[in-house]
Amino acid sequence: LISSISAASGSATRLTPTGAAQPPRSLTTGPSCAATTRPAAATTDPDGAALLGELDELRRALALLRPADREVIALLAAEELSTAEVAQVLGCTTATAATRVHRARRRLRAAYDQLDQGHRHDER
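Anyway, here's the lowdown on the structure attached to this text. (Residues numbered from 1 in each chain as written. Predicted model: local features only at pLDDT ≥ 70, side-chain atom pairs only at ≥ 80, totals over all residues. Heavy atoms only, no water.)

Quick notes on helix α2 (residues 46-64)
Logical step 1: A rise of 1.5 Å per residue sets the reference length of α2, with its 19 residues, at 27 Å; its end C-alpha atoms lie 27 Å apart and thus fit the reference within 8%.
Logical step 2: Among the residues making up α2, those that are buried are Gly48, Leu52, Asp56, Glu57, Ala61 and Leu62. (Helix = DSSP H or I, 4+ residues; strand = E, 2+ residues; numbered from the N terminus. Expected span 1.5 Å × (residues − 1). Buried < 20%, exposed > 50% of the residue type's maximum accessible area, 1.4 Å probe, protein only.)

Comments concerning the side chain of Asp69
Logical step 1: Inspection of the secondary structure puts Asp69 in helix α3 (residues 67-77).
Logical step 2: For Asp69, a relative accessible area of 4% gives the class buried.
Logical step 3: Those residues within four positions of Asp69 in sequence are excluded, and the remaining contacts are Ala104 and Arg107. (Contact = heavy atoms within 4.5 Å.)

Looking at helix α4 (residues 83-90)
Logical step 1: All buried positions along α4 are accounted for by Val86, Ala87, Val89 and Leu90. What you see down the axis of α4 is that its buried residues fit within an arc of 165 degrees, all on one side.
Logical step 2: At the C-terminal side of α4, Gly91 shows a positive phi close to 70 degrees. (Arc of directions from axis to C-beta.)

Details of the packing of α3 against α4
Two numbers describe a pair of packed helices, the interaxial angle and the distance between the axes.
Logical step 1: Where α3 contacts α4, the axes come no closer than 10 Å and their chain directions differ by 130 degrees. Regarding the angle of α3 to α4, the classification is oblique. Note that α3 runs across α4; the crossing there is right-handed. Contacts between α3 and α4 pair Glu71, Val72, Leu75 and Leu76 from the former with Val86, Val89 and Leu90 from the latter.
Logical step 2: When the residues that make up the contact of α3 with α4 are grouped by side-chain class, the tally is six nonpolar, no polar and one charged. (Axes fitted to C-alpha atoms, helices over the stretch in contact; angles between N-to-C directions. Parallel < 35°, antiparallel > 145°, perpendicular 65-115°, else oblique. Left-handed = near helix turned anticlockwise from the far one by under 90°. Nonpolar A, V, L, I, M, F, W, Y, C, P; charged D, E, K, R; others polar.)

Topic: the environment of Leu108
Logical step 1: Position of Leu108 relative to the elements: it lies in helix α5 (residues 94-123).
Logical step 2: Judged by relative accessible area, which is 14%, Leu108 ranks as buried.
Logical step 3: Taking C-alpha positions, Leu108 is 6.8 Å from Leu65, a pair spaced 43 residues apart along the chain.

Structure, rendered in structure tokens:
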């Protein structure tokens with residue numbers, strides 16, 4: 001579980017089963033994610049290239065979100081926490097966390113759709 005998280009700095013600490021602190025798997029969701037190393041096979045495979053394109057769009061959509069929404073998405077996706085665990089990390093009730101999860105997902109979907117519509121418009 002994540003023992004502490006700072007919304008201002010975007011940093012978090014994970015506790016291993018033995019209680020040792022370590023950084024989270026990945027909370028990087030901003031524009032800097034686009035500079036990741038891509039396997040050569042994926043760029044020559046049409047399906048792999050399409051997947052990389054979708055991942056790039058997802059990264060751009062995440063970058064459009066407010067930091068609080070990115071935090072919720074990161075806790076759910078990267079840290080694989082349940083809504084109850086997200087509530088514990090955020091220091092709120094499960095109902096409040098569920099509302100934040102719903103709203104963050106809705107905003108991410110809207111940002112992704114906005115980018116996708118812009119991409120389709122650019123292809124014309």
